[in-house]
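Summary of structural features
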Amino acid sequence: MRAMLIYLIFCCFKAFAVGQLSGLTGSVTTVNTLYTSAREESLRSDLFGSYQKNSRPAPISDIRCNIKLLSIKDLNIREQTMSSVAYFTFIWNDTRLNWSSSASYSDIEAIYSTESVLFIPPIVVENSVSNLGLISDKTLPIKIAQNGEITWSPGNIYDTSCDIDATFYPFDVQTCSIILPTRGYTSNQLSLSLNDVPIILTSYQENGEWSYIRSNASTSIVLHGSEVYSRVDFSFTFERRTPFHLLSTILPLFFLVSMTCFVFKIPVDAGEKLGYCLTVLLAFAVYLTLVSDNIPTTSTSTSYLCTYLTFMHGSKIIF
């Protein structure tokens, strides 16, 4: 009798559990509609049916941006240029592409499109030395989130001008900037601001000649004629790695300067004295040429090393 009672209780519990599981499964199936390409195509038709890419999303569109620096390809102090491998990320909201309130597409979290159909903020690299056109990548997928947030991340190799200070060459520290202003739209129509993390260095690869020190990002406005435009500046500070220059320039120069002292050991009437002095003089001239070939031909800053070599070269001629 007791076994029969236990068996009946077990059967009732099992039936109850199966019924609950079936109800839960049915509710999940009802709420979560599976994604299909046809539903995304329908969503695109609804979003872009009357969309105009030449119209900005809002009266004042705020563009949040940052830069992800991957590497420094070259920092040429003679040409006064910096070549960097990086990509920018621009984020803004376009309420025309918001479908979060539509229950029919609630399971589609994001779609992707290209510049050909979307409004893209006209931004240039102002201090570029190779391309003054708008930042653009026609094949790059652009993410459109459910709430209308658009994320655009174009990347390239950017060659920019850099104000070089060669005073302490080869123990110099250089600061170079990448300047991004808007074009066409004024600051009252299109505003650039910084993202929470304006400069990302998680994937940065160290350069063999230059060591990264610090970076900074700032926003400002710039006046072009009578119009005011928004601008973002990303600045990077690098310090030259000195071991190569110590071995190839500084130490040989130290030994060369030390050799000038031995001229007093040679007798005055010895013929080798004049030949020795001429050899040291020509060696200083060669080093002066090597240093001059590596520093910019500018008068805003003069290298102490170049000044010292010129002084030593002149003293050899005089004395």
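Thresholds applied
Residues numbered from 1 in each chain as written. Predicted model: local features only at pLDDT ≥ 70, side-chain atom pairs only at ≥ 80, totals over all residues. Heavy atoms only, no water. Helix = DSSP H or I, 4+ residues; strand = E, 2+ residues; numbered from the N terminus. Buried < 20%, exposed > 50% of the residue type's maximum accessible area, 1.4 Å probe, protein only. Contact = heavy atoms within 4.5 Å. Areas by Shrake-Rupley, 256 points an atom, 1.4 Å probe, with all protein chains shown as cover. Pairing = 2+ DSSP bridges. Axes fitted to C-alpha atoms, helices over the stretch in contact; angles between N-to-C directions. Salt bridge = Lys/Arg side-chain N within 4 Å of Asp/Glu carboxyl O. Phe/Tyr/Trp six-rings, centres within 6.5 Å; stacked < 30°, edge-to-face > 60°. Expected span 1.5 Å × (residues − 1). Arc of directions from axis to C-beta.

Helix and strand counts for the protein chain come out as five helices and 10 strands. Residues counted as buried form 36% of the 319 residues belonging to the protein chain. For the protein chain, contacts bridging at least 24 residues in sequence account for 76% of all contacts bridging at least 6. Accessible surface, the protein chain: about 18500 Å² in total, of which carbon and sulfur atoms supply 60%.

Before going further, it helps to spend a moment on the sheet that holds strand S9 (residues 210-224). Read across the open sheet, the three strands follow the order S7-S10-S9; overall the sheet is antiparallel. Because the sheet does not close on itself, it has two edges, and the strands there are strand S7 (173-181) and S9. Going across the sheet, the axis of each strand differs from the next one's by a mean of 20 degrees, ignoring polarity. Where S9 meets strand S10 (residues 227-240), 14 bridges bridge the pair, whose relative direction is antiparallel.

All right, on to the pattern of salt bridges then. Tallied over the full model, the rule gives 10 salt bridges. Between Arg 64 and Glu 149 there is a salt bridge; the shortest N-O distance is 3.1 Å. One end of the pair, Arg 64, is in strand S1 (residues 61-76); the other, Glu 149, is in strand S5 (residues 149-152), and 85 residues separate them in sequence. Taking the relative accessible area as the measure of exposure, Glu 149 reaches 26% and is therefore partly exposed. Among the ionic pairs, Glu 209 bridges to Arg 240, the shortest N-O distance being 2.8 Å. Residue Glu 209 is found in the loop between strand S8 (190-200) and S9, and its partner Arg 240 is found in strand S10; the two are separated by 31 residues along the sequence. When its relative accessible area of 32% is taken as the criterion, Glu 209 is described as partly exposed. When salt bridges with common partners are traced through the structure, they connect Glu 126, Arg 183, Arg 231 and Asp 233 into a single cluster.

A word on the packing of aromatic side chains. Taken as a whole, this structure holds 10 aromatic pairs when the rule is applied. Between Phe 48 and Tyr 51, the ring centres sit 5.4 Å apart and the planes meet at 75 degrees, which makes this aromatic pair edge-to-face. In this structure Tyr 51 comes out as buried when scored by relative accessible area, which is 10%. Relative to Trp 152, the ring of Phe 90 lies with its centre 5.4 Å away and its plane at 35 degrees, an arrangement referred to as tilted. Of the two residues, Phe 90 is situated in strand S2 (residues 81-93) and Trp 152 in strand S5; the sequence distance between them amounts to 62 residues. Since its relative accessible area comes to 0%, Phe 90 is described here as buried. Each member of the aromatic cluster is reached from another via a ring pair, and the members are Phe 88, Phe 90, Trp 152, Tyr 158 and Phe 234.

For helix H2 (residues 37-48), spanning 12 residues, the distance from its first C-alpha to its last is 16 Å, which sits close to the expected 16 Å at 1.5 Å a residue. Buried within H2 are the following residues: Arg 39, Glu 40, Leu 43 and Leu 47. End-on view of H2: buried residues confined to an arc of 100 degrees, all on one side of the axis. Of the exposed residues in H2, the ones pointing more than 90 degrees away from its buried face are Glu 41 and Ser 45.

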